[in-house]
Amino acid sequence: MLPANIRPATGDADWFIHDRFGLFIHWGLYALPARHEWVKNRERLSDEAYQKYFDHFDPDLYDPVAWARAAKAAGMKYFVITTKHHEGFCLWDSAHTDYKATNTPYGRDLLRPMVEAFRAEGLKIGFYHSVIDWHHPEFPVDMRHPMRDNSEYREATKGRDVQKYADYLHAQVRELLTGFGKIDMIFYDFSYPGADGKGRDDWRSEELIAMTRELQPGILVNDRLDLMDKADGWDYRTPEQVVVQDWVRVNGQPVLWETCQTFSGSWGYHRDESSWKSVDQLIRMLIDTVSNGGNLLLNVGPTARGEFDDRALERLRGMGEWMRRHGRSIYSCTQAPKEFPVPDNCRLTYNPATHRLYIHIYAWPYRELHLPGMVGKVAYAQLLNDASELPMIEREEWQDRFEDKQQGALILQLPVQQPDVTVPVVELFLK
Ligand code: GLC
């Protein structure tokens, strides 16, 4: 249940605050150039120049069951797939366009087997859908369009009618939300209102949200339709590629939130990027997120052969290895009540239902962990990785033998050697 101080969501938030960890997948034609999903925009490519990627799209090794298993083994509980990204290419067999997977050399629907595979592995289903479309003939050329610097092209396309594009957008969303069973969340991306931008009037966002909720009661909707001022205009915030420091708030009120992050900076498959985060950094990122009451949506950009590359698989495996033993400090957990002290180099999470507190130790101390203010509050303490007891000493304020005055504290007796896990976790059973 959503705590009472959190902004209520219109959609069903219960699973979301339990699951905490999801897989984002960015997959489209941009997997072929393999140098960022904004390549059409960055390199100012025309539709004609971009066509070669459509003509050569043939992910022959695509096996969505393997993807779903990799996500599940990593400890992920839901996934969000780009049904269409800004390039306009559709993974499913839409009745409203020819610019879709079924017309490429691959020749088959990519979305349906993916949804089926992830559902069969027990993961919840989310769709990312770009409201931006750099391929649609009625999408007006604006400040973010790949053809923005081509004045002839701009002139020639002046008559484009964004409302006709919006009809297409709505029709496709209707397809997605009626043809694939229960959809648990939708991630619309994105608005940039202003003179040469696009926002709620262009997308007809209010109508789009109303339809979304009508077709999929309970669906959670993200925050990028330019409806931040509407009570039912969004359910959760989506801080992207940033380090969140505390519970995300809107007008001072804590809200549901999910941060989306890449392994390396690009969302689409990027062959030559070398800034990959380590397993250790990624596990800390997940812990940091939950310790601030949020979810982590971690992205893989599959290759144009249809696989997760080895760098991604290695990190998913590393996270899964940790999650197998430490999922208890993540699932159903949230920010700890402020009354609990955060020891140096540690992060806390808390499970309100079981009343357990988890201390994630980022730098292993020598022999003792001091918890001031916790005397009398803990019934039992153990390491989470092997459920080995951590003896506790409870001390009121005392004078040590070197005449120093010590604060009253619960002292956990740690082994000298750090357990052989990426981030060790102490589980405290509170009284
Ligand atoms: C952005 C980008 C993008 C990515 C997304 C993920 O707004 O346009 O390429 O899909 O955010 O949050």
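Given the structure is predicted, the values throughout are model-derived calculations rather than measurements.

Parameters at a glance
- Residues numbered from 1 in each chain as written.
- Predicted model: local features only at pLDDT ≥ 70, side-chain atom pairs only at ≥ 80, totals over all residues.
- Heavy atoms only, no water.
- Pairing = 2+ DSSP bridges.
- Helix = DSSP H or I, 4+ residues; strand = E, 2+ residues; numbered from the N terminus.
- Axes fitted to C-alpha atoms, helices over the stretch in contact; angles between N-to-C directions.
- Contact = heavy atoms within 4.5 Å.
- Expected span 1.5 Å × (residues − 1).
- Buried < 20%, exposed > 50% of the residue type's maximum accessible area, 1.4 Å probe, protein only.
- Polar contact = N/O pair within 3.5 Å; in protein donor to acceptor, adjacent residues only side chain to side chain.
- Domains from an automatic or database assignment.
- Buried area = accessible area lost by both parts, 1.4 Å probe.
- Salt bridge = Lys/Arg side-chain N within 4 Å of Asp/Glu carboxyl O.
- Near = heavy atom within 4 Å.
- Areas by Shrake-Rupley, 256 points an atom, 1.4 Å probe, with all protein chains shown as cover.
- Nonpolar A, V, L, I, M, F, W, Y, C, P; charged D, E, K, R; others polar.
- Parallel < 35°, antiparallel > 145°, perpendicular 65-115°, else oblique.
- Left-handed = near helix turned anticlockwise from the far one by under 90°.
- Phe/Tyr/Trp six-rings, centres within 6.5 Å; stacked < 30°, edge-to-face > 60°.
- Lys NZ or Arg CZ within 6 Å of the ring centre and 35° of its normal.

**Student:** Please clarify how the sheet that holds strand E12 (residues 356–361) should be interpreted in this entry.
**Tutor:** One key point about sheets: their strands pair by backbone hydrogen bonds, in either a parallel or an antiparallel sense. The 4 strands lie next to each other as E11-E12-E19-E14, forming an open sheet whose pairing is antiparallel. If you trace the sheet from one side to the other, it starts and ends with strand E11 (346–351) and strand E14 (378–383), each paired once. Averaged over neighbouring strand pairs, the angle between their axes works out to 20° when direction is ignored. Pairing between E11 and E12: 6 bridges, direction antiparallel. Looking at the pairing, Thr 349 lines up with Tyr 358 of E12. Across the sheet, helix H10 (residues 279–291) touches E11 and E12, and the angle it forms with E11 is around 55°.

**Student:** I keep staring at helix H7 (residues 162–178) and nothing clicks. Help me out?
**Tutor:** Turn by turn, an α-helix covers 3.6 residues, leaving residues three or four places apart pointing in a common direction. Its 17 residues give H7 an end-to-end C-alpha distance of 24 Å, which sits within 8% of 24 Å, the value for a rise of 1.5 Å per residue. Among all positions in H7, only Val 162, Tyr 165, Ala 166, Tyr 168, Leu 169, His 170, Gln 172, Val 173, Glu 175, Leu 176 and Leu 177 are buried. As for H7, its buried residues are in contact with strand E2 (78–84), helix H5 (111–120), strand E3 (124–130), strand E4 (185–189), helix H8 (200–203) and helix H9 (205–215). Measuring from the side-chain oxygen of the N-cap residue of H7 to the backbone nitrogen of Gln 163 gives 2.9 Å; that N-cap residue is Asp 161.

**Student:** Would you mind going over the domain arrangement of the chain with me for this structure?
**Tutor:** Interface size is commonly expressed as the accessible surface area that is lost when the partners come together. Its domain assignment divides the chain into domain 1 (14–329) and domain 2 (346–430). Using C-alpha coordinates to define each centre, domain 1 is positioned 40 Å away from domain 2. Contacts between domain 1 and domain 2 engage 12 residues on the former and 15 residues on the latter. Across the domain 1 to domain 2 interface the summed buried area is about 1,300 Å²; carbon plus sulfur atoms make up 56%. At the boundary of domain 1 and domain 2, one finds 2 salt bridges. Note that Glu 427 is salt-bridged to Arg 328, the shortest N-O span being 2.6 Å. The tally of links between domain 1 and domain 2 comes to 7 residue pairs in polar contact (both at pLDDT 80 or more). Taken together, the elements giving at least two residues each to the side of domain 1 that touches domain 2 come down to H10 and helix H11 (310–326). Considering each element in turn, the side of domain 1 that touches domain 2 owes the most residues, 7 residues, to H10.

**Student:** Honestly, the site of the ligand in this entry has me stumped. Any pointers?
**Tutor:** Taken together, 14 residues are adjacent to the ligand, and His 26, Glu 37, His 85, His 86 and Glu 240 come closest. For the ligand, an oxygen atom lies 2.6 Å from a polar atom in the side chain of His 26. The contact in question runs from an oxygen atom of the ligand to an N or O atom on the side chain of Tyr 128, over 3.3 Å. The fraction of the free accessible surface of the ligand (300 Å²) that becomes covered by protein chains is 94%. Taken together, the residues of the shell around the ligand sort by class into 7 nonpolar, 3 polar and 4 charged.

**Student:** What's the story with the packing of H7 against H9 in this structure? I'm lost.
**Tutor:** What describes two packed helices is the angle between their axes and the distance between those same axes. For the pair H7 and H9, interaxial distance at closest approach is 10 Å and the crossing angle is 15°. The pairing of H7 with H9 is recorded here as roughly parallel in orientation. Regarding H7 and H9, the two cross each other, and that crossing is right-handed. Here Leu 169, His 170, Val 173, Arg 174, Leu 177 and Thr 178 of H7 lie close against H9, whose contacting residues are Glu 207, Leu 208, Met 211, Thr 212 and Leu 215. Grouping the constituent residues of the contact of H7 with H9 by class yields 6 nonpolar, 3 polar and 2 charged.

**Student:** Please explain the pattern of salt bridges as it appears in this structure.
**Tutor:** When charged atoms on two side chains of opposite charge get close, those side chains can pair. By the definition in use, this model includes 30 salt bridges. Between Asp 226 and Arg 200 there is a salt bridge whose closest N-O contact spans 3.9 Å. With a gap of 26 residues between them, Asp 226 in the loop between strand E5 (220–221) and strand E6 (236–237) and Arg 200 in helix H8 connect regions that are remote in the sequence. Between Asp 235 and Arg 213 there is a salt bridge; the shortest N-O distance is 2.9 Å. Within this pair, whereas Asp 235 is found in the loop between E5 and E6, its partner Arg 213 is found in helix H9, the two being separated by 22 residues in sequence. Taking the relative accessible area as the measure of exposure, Asp 235 reaches 0% and is therefore buried.

**Student:** Would you take a moment to explain the sheet that holds strand E15 (residues 392–395) for this structure?
**Tutor:** Across the sheet, 3 strands lie side by side as E13-E18-E15; this open sheet has antiparallel pairing. The outermost strands of the open sheet, each flanked by one partner alone, are strand E13 (368–372) and E15. Neighbour to neighbour, the strand axes of the sheet diverge by 20° on average, direction disregarded. Direction of pairing for E13 relative to strand E18 (residues 409–413): antiparallel, over a ladder of 5 bridges. Opposite Pro 372, over in E18, you have Ala 409 as the bridge partner.

**Student:** Hey, could you run me through the packing of aromatic side chains in this one?
**Tutor:** Within a pair of aromatic rings, the relevant descriptors are the distance that separates the centres and the angle that separates the planes. A complete count under the given rule lists 30 aromatic pairs for this structure. Judged by centre distance (5.9 Å) and plane angle (55°), the ring pair of Trp 27 and Phe 57 falls under tilted. Linking Trp 27 in the loop between strand E1 (21–25) and helix H2 (39–42) with Phe 57 in the loop between helix H3 (47–55) and helix H4 (64–73), this pair joins segments that are 30 residues apart in sequence. Per residue, the accessibility class of Trp 27 equals that of Phe 57, and both read buried. For the ring pair Phe 127 and Phe 180, a centre distance of 5.8 Å and an interplane angle of 85° mean the geometry is edge-to-face. With Phe 127 in strand E3 and Phe 180 in the loop between H7 and E4, this pair connects stretches of sequence that are 53 residues apart. Phe 127 gets classed as buried once you look at its relative accessible area, which sits at 0%. For Phe 180, a relative accessible area of 5% translates into the label buried. Three or more aromatic residues joined by ring pairs form one cluster here, namely Trp 27, Phe 54, Phe 57, Tyr 62, Trp 67, Phe 89, Tyr 99, Tyr 106 and Phe 308. Across from the ring centre of Trp 234, 3.6 Å away, lies the NZ or CZ of Arg 7, which sits over that ring. For Arg 112, the ring lying beneath its charged end belongs to Phe 180, and the centroid distance is 4.3 Å.

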